[in-house]
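Structural description and commentary
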Amino acid sequence: MSDKILISACLLGHPVRYDGQGKRSEHPLIAQLRADGRLVAVGPELAAGFATPRPEAKILGGTGVDVLDGSAQIYERTGRDVTDGYVAGGVAAVDAAQTAGCSHAILMDGSPSCGSTEIYSGDFAGERAPGHGVTAAQLHRAGVQVWAVSQLDDLAQVLADG
């Protein structure tokens, strides 16, 4: 198993979220992995050429799996279809994980890209629904185990068990 772990750049405090902010996690596992030089930061939307800040986007018609299967799309609040860009960002994340040999990824839940256990529903009302974002779905399909911040204690145990 690789000792590198892919991580959403926002969880390290990088200002890559749609609102131009980071969402730094202070979890002890992330602090330890960072100190050990084991983290590979990725911002899928930036890798796909999106700017920060940018309009909020949501998956309409399903989850990231449905986007990859062609039955759902991702739209900005403005109404612009940004599906292709989000898929390209996921491809970049998978490439980064494979290049670094990452078998695990820690992603920010809720995002149409990185949501790993839940995403925001497509109505821009702040409601959440179970499911993967596009990047999380692509990583999962590539054999990378995807973890949400809420699951970091479980990941710590998996890593300790080797």
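Overview of the structure.

The rules behind each value
- Along every chain, residues carry numbers that run from 1 in the direction the sequence is written.
- Only residues with pLDDT of at least 70 get local features here, since the model is predicted, and only at 80 or more are side-chain atom pairs given and counted; chain-wide, interface and lining totals rely on the full set of residues.
- To obtain the side-chain values, all non-hydrogen atoms of the structure were included, while hydrogens and water were left out.
- Stacked, edge-to-face and tilted are the three classes for Phe, Tyr and Trp ring pairs, Trp counted by its six-membered ring, which pair at centre distances within 6.5 Å; planes under 30 degrees apart are stacked, over 60 edge-to-face, the rest tilted.
- Helical segments are the DSSP runs of H or I of at least four residues, strand segments are the runs of E of at least two, and each set is numbered from the N terminus.
- Accessibility here uses a 1.4 Å probe with only protein chains present; expressed as a share of the type maximum, an area under 20% marks a residue as buried, one over 50% as exposed, and anything in between as partly exposed.
- In this analysis an axis means a line fitted to C-alpha atoms, helices contributing only their contacting stretch, and an angle means the value between N-to-C directions, from 0 to 180 degrees.
- Our angle categories are set so that under 35 degrees counts as roughly parallel, over 145 as roughly antiparallel, 65 to 115 as roughly perpendicular, and the remainder as oblique.
- Definitions for this section: a left-handed crossing has its near helix turned counterclockwise from the far helix by less than a right angle. A right-handed crossing has that turn clockwise.
- Contacts are residue-level and defined by heavy atoms, with any inter-residue pair within 4.5 Å sufficient.
- Polar here means any residue other than Ala, Val, Leu, Ile, Met, Phe, Trp, Tyr, Cys and Pro, which are nonpolar, and Asp, Glu, Lys and Arg, which are charged; Gly is therefore polar.
- A strand pair is defined by DSSP finding two or more bridges across the two strands.

On inspection of all chains with the given rule, the structure shows 1 aromatic pair. Between Phe50 and Tyr86, the ring centres sit 5.1 Å apart and the planes meet at 50°, which makes this aromatic pair tilted. Of this pair, Phe50 sits in the loop between helix 2 (44-47) and strand 3 (57-60) while Tyr86 sits in helix 4 (residues 83-100), placing them 36 residues apart in sequence. Taking the relative accessible area as the measure of exposure, Phe50 reaches 13% and is therefore buried.

Here the focus is the packing of helix 4 against helix 5 (residues 134-141). Running from amino to carboxyl end, helix 4 crosses helix 5 at an angle of 40°, the nearest separation of the two axes being 8 Å. Between helix 4 and helix 5, the crossing angle belongs to the class labelled oblique. The crossing of helix 4 and helix 5 is right-handed. Residue-level contacts link Tyr86, Val87, Gly89, Gly90, Val91, Ala93, Val94 and Ala97 of helix 4 to Val134, Thr135, Gln138 and Leu139 of helix 5. Residue composition of the contact of helix 4 with helix 5, by class: 8 nonpolar, 4 polar and no charged.

Turning our attention to the pairing of strand 1 (residues 5-8). The two faces of the sheet receive side chains in turn, since in a regular strand these alternate between them. Of the two faces of strand 1, the one holding Ile5 and Ile7 and the one holding Leu6 and Ser8 are both buried throughout. The pairing of strand 1 with strand 2 (residues 39-42) spans 4 bridges and is classified as parallel. Residue pairing in the sheet places Ile7 in a bridge with Ala41 of strand 2. As paired elements, strand 1 and strand 5 (residues 104-107) share 3 bridges and run parallel to each other. Bridging across to strand 5, Leu6 finds its partner in Ala105.

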